[in-house]
Amino acid sequence: MFTSVDDVSARLAGTGYLASPAVATTVFLAARLGKPLLVEGPAGVGKTELAKAVAQVTAARLVRLQCYEGVDESRALYEWNHAKQLLRISAGRDESWDETRTDIFSEEFLLPRPLLTAIRGEEPTVLLIDETDKADVEMEGLLLEVLSDFQITVPELGTVTATRRPFVVLTSNAGRELSEALRRRCLFLHIGFPEEELERRIVRLKVPGLGEALTASVVRVVGALRAMDLRKLPSVAETLDWARTLLALGADTLDENLVRDTLGVILKHQDDIQKAAAKLDLDAL
Amino acid sequence: MTAVADRITGLAAALRAHGVRIGTGETVDAARAVEALGLADRELLREGLAATLLHGPGQRALFDAVFDLYFPRGIGGPEDAPRDRETLRDRLAEALAADDRALMARLAAEAVDGLGGYGSSPASDGWSAYQTLDRLRPQTLLARVRADIRGRAGGPGAGFADRLLDDEIRHRIEEFRRLVGAEARRRVAERRGRDEIARRAVRPTADRVDFLIADRDQLTELRRAVQPLARKLATRLAARRRRAARGTIDLRRTLRSSLSTGGVPMRPVLRRRRPVRPELVLLCDVSGSVSGFSDFTMLLVQALHDQFGKVRVFAFVNRLDEVTGLLGHGRADPDGLSARIRAEAVLTGWHGSSDYGVALGEFTERYGAAVGPRTTVFVLGDARTNMSDPNLPAVRELARRARRVHWLNPEPRDRWGTGDSAAPAYAELVRMHECRTARQLSALVAGLLPV
Ligand SMILES: Nc1ncnc2c1ncn2[C@@H]1O[C@H](COP(=O)(O)OP(=O)(O)OP(=O)(O)O)[C@@H](O)[C@H]1O
Ligand SMILES: [Mg+2]
């Protein structure tokens, strides 16, 4: 898939994803060792974006399983199309039940969900299991099975084994602690907030209209906010939002009023805004 | 390549000695990672080994320090480096102003080499980070670096971000101190063997540091770990709750529901526990000796508060006061907690040292009603009463009223009962547990909290 770590960085950069050395190395290894990649980190640091970028540069199809509380086998693996089955049953009144049964549990009535889709695919596939921590513990057991053997058994149809293993990315926000067993299946990558230099490059790439000096100031202020003890620390997503806002306002330098008026773009909680304003010596809001 | 295999094994063993769980599967993956990455770029190697050996973010600082010993930057000291202090300070000031990490690393090596050596006996470590920093005093470069950067930016008009400058420089100096620490360890390991140094001189992860000897940084780090730890515990408590709720079959409801299947009980109906959330009372010794421990525990319990019907927290030194309100939502600035408690609660009478007897007596007298048959009580403290009466009747009364009383003692078990410790006497009345580290605490909380 990739010839070297540099190859990973260069190709990801080509799609607009700027990878830190840690990200590039781990993606390279996951491809080389054929292991799923577990990406953990705060919201908005580019976990989902990474999986999309990998799919794009490897010309792979992206199959995404979005996890949420209550996601179950019928959403993750497959489901029978009951409505269609019923229609079929009522249509074929003169044939034997055995015949009907064989027929309605065939491919035609199967609704494949992301895990099955990814395992059966012939073409290169990136399987993104997004926000794994939101799913229930039971779901983890299922994932563990699928990621161990890369096969899925549909009792009525038999066992499907991947002819071509997908590149698997699991993301988690650590909302819930994932099990040790699942972690052990994966290579582990923690994406934290980027280094100053990398974040500057990300802003320059995504919001090119903002001047170099202003970009540097924006990144410094966000960095200072991250060192504070806030309820929700600003992420790359917030840095970009702020940069876009400043661009729209036509700002060319950062000053006290501007920061005060736009702090709400970076911080989401009122008490965070107040605390940050005090620490940054902004006049009372 | 076998030399590399040895290093990977040594690295994994050192990490295991610090409590990281690494199986053979991980070491095999690590070896494959090294093969795929090659040895040319040390930073890629670092990331590759971290990705294969670790499973969570909490172990990364430990990993980095151990990695630096098994895959060192080089061997021996720098060649023909100027060793005098003033030249080093001048060059360090430049490196800090330019935020040049590579140069900072080189200067750390020169500084340890030039200023950090001591003792030539084979029994001594030979190199000291403390001595290096004490002689070099990087923290005193702040003003100079600031002036230098402002000068470069062309005068004071550098804009809003200029007010962040001091903190940024402090961070760089902190980073330099870390580099000096790593370099000194590397040099010591050359004398004493890396296996020994990786076990002895690398700081354990914060959750394995004794509360009673943790320094300020470690306590801050611990406080930062409260939220993730609380989430982990909440998951475990929820699992216990589910297990408890699954419990018994409700026969009457099973039969009733079986009417629809002609009286054949097809589906057993499980008895649902009434969702009554347990109540929790915390009595915390916040005197200097154990405040790190009680602060951390209070924050943890606060972060878990939605697991309970009610949580009340009391702090004491030799007087006792309720501090539940000071922990409340929105006020939870964890770093300021102990200062707030000290400022706003009445905790001491006419002297400043702990008196368990008086404090516990005050609790049963003034707040006895806070404890009922649904309440679990946690007492936090070292049970050192400064030779005054331990007031055992008060504890007996507490044990009688509460559903359960647990005493968490941050001292090692073998010190209980030494000097002025009344631990053994209390331990006869309520269950006392050794609770020296955050790791022990979370195991206790996961096991003892009522669900
Ligand atoms: N290294 C990067 N290079 C380019 N863009 C990035 C990078 N990191 C983050 N971004 C941008 O930040 C935004 C947030 O990214 P993304 O949605 O992938 O975050 P996430 O980690 O998945 O967050 P969440 O946990 O909320 O799902 C996106 O617009 C993405 O383009
Ligand atoms: Mg996402």
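- Per an unreviewed UniProt entry, chain B goes by VWA domain-containing protein and derives from Streptomyces capoamus.

- Per an unreviewed UniProt entry, chain A goes by the name MoxR-like ATPase and belongs to Streptomyces capoamus.

### Here's the deal with the interface of chain A and chain B
- In this complex, chain A contributes 38 residues to the contact, which on the side of chain B involves 34 residues.
- Buried surface at the junction of chain A and chain B, summed over both partners, amounts to about 3,000 Å²; 59% is from carbon and sulfur atoms.
- Ranking the residues of chain A by area buried against chain B places Arg 184, Phe 188 and Arg 220 of chain A at the top, with a combined share of 20%.
- Linking chain A with chain B are five salt bridges, by the criterion used here.
- Where Arg 184 of chain A meets Glu 26 of chain B, a salt bridge forms, and the shortest distance between an N and an O atom there is 3.0 Å.
- For the pair chain A and chain B, the number of links is eleven residue pairs in polar contact (both at pLDDT 80 or more).

### Regarding the nonpolar core
Residue and element names in this part refer to chain B.
- By size, the foremost hydrophobic cluster in this structure holds 55 residues, and its most contacted members are Leu 11, Leu 15, Leu 49, Phe 63, Val 66 and Phe 176.
- Per-element tally for this core: the top contributor is helix α9 (residues 165-192), with nine residues.
- Each of domain 1 (2-70) and domain 2 (85-193) gives at least three residues to this core.
- Core analysis: the next-biggest nonpolar cluster, separate from the first, contains 46 residues, Ala 214, Leu 299, Leu 337 and Leu 347 among them.

### A look at empty space enclosed by the protein
Residues and elements named next belong to chain B.
- Enumeration over the complete set of coordinates arrives at one cavity of 30 Å³ or more.
- Here the largest cavity defines a volume of roughly 40 Å³.
- Every residue lining the largest cavity is listed: Leu 280, Leu 282, Thr 297, Val 301, Phe 378, Val 445 and Leu 449.
- The set of elements that each furnish at least two residues to the lining of the largest cavity consists of β1 (279-285) and α14 (291-303).
- Looking at side-chain class alone, the lining of the largest cavity contains six nonpolar, one polar and no charged residues.

### Here's the deal with the pairing of strand β2 (residues 310-316) of chain B
All names here are of chain B.
- Taking burial as the measure, the seven residues of β2 include five buried ones, the bulk of the element.
- Examined bridge by bridge, β1 and β2 share seven bridges and lie parallel to one another. Residue Leu 283 lies in a different strand from β2, and its bridge partner there is Phe 314.
- In this view, the connection linking β1 to its parallel neighbour β2 by way of α14 has right-handed handedness.

### A short note on the domain arrangement of chain A
All names here are of chain A.
- Taken domain by domain, chain A comprises domain 1 (5-74 + 114-190), domain 2 (78-112) and domain 3 (196-279).
- The junction of domain 1 with domain 3 conceals about 600 Å² of combined surface from both sides, 61% of it contributed by carbon and sulfur atoms.
- Summed over the three residues of domain 1 that lose the most area to domain 3, namely Gly 16, Leu 18 and Gly 44, the buried surface amounts to 66% of that side.
- Here domain 1 and domain 3 share zero salt bridges between them.
- Taken together, the links from domain 1 to domain 3 amount to six residue pairs in polar contact (both at pLDDT 80 or more).
- Its residues assigned to classes, the side of domain 1 that touches domain 3 shows three nonpolar, three polar and no charged.

### A word on the site of ligand 1
All names here are of chain A.
- Taken together, 17 residues lie near ligand 1, and Leu 18, Gly 44, Lys 47, Thr 48 and Glu 49 sit nearest.
- In this structure, an oxygen atom belonging to ligand 1 sits 2.8 Å away from a main-chain N or O atom of Glu 49.
- The side chain of Glu 131 places a nitrogen or oxygen atom 3.3 Å from an oxygen atom of ligand 1.
- Expressed as a share of its isolated accessible area of 640 Å², the protein-covered part of ligand 1 is 81%.
- Going through the elements one at a time, α3 (47-57), α10 (196-206) and α12 (236-248) are the ones with two or more residues in the shell around ligand 1.
- Residue composition of the shell around ligand 1, by class: eight nonpolar, five polar and four charged.
- Counting contributing residues per domain, the shell around ligand 1 is built from domain 1 (5-74 + 114-190) and domain 3 (196-279), each supplying no fewer than three.

Rules and cut-offs
- Residues numbered from 1 in each chain as written.
- Chains lettered and ligands numbered in written order.
- Predicted model: local features only at pLDDT ≥ 70, side-chain atom pairs only at ≥ 80, totals over all residues.
- Heavy atoms only, no water.
- Contact = heavy atoms within 4.5 Å.
- Buried area = accessible area lost by both parts, 1.4 Å probe.
- Salt bridge = Lys/Arg side-chain N within 4 Å of Asp/Glu carboxyl O.
- Polar contact = N/O pair within 3.5 Å; in protein donor to acceptor, adjacent residues only side chain to side chain.
- Core = buried A, V, L, I, M, F, W, Y, C linked by side-chain atoms within 4.5 Å.
- Buried < 20%, exposed > 50% of the residue type's maximum accessible area, 1.4 Å probe, protein only.
- Helix = DSSP H or I, 4+ residues; strand = E, 2+ residues; numbered from the N terminus.
- Domains from an automatic or database assignment.
- 1 Å grid on protein atoms, 1.4 Å probe; cavity = no way out; pocket = protein on both sides within 12 Å on 5 of 7 lines; lining within 4 Å.
- Points joined across faces, edges and corners; volume = space filled by probe spheres on them.
- Nonpolar A, V, L, I, M, F, W, Y, C, P; charged D, E, K, R; others polar.
- Pairing = 2+ DSSP bridges.
- Right-handed = clockwise from strand over helix to strand, strands pointing away.
- Near = heavy atom within 4 Å.
- Areas by Shrake-Rupley, 256 points an atom, 1.4 Å probe, with all protein chains shown as cover.

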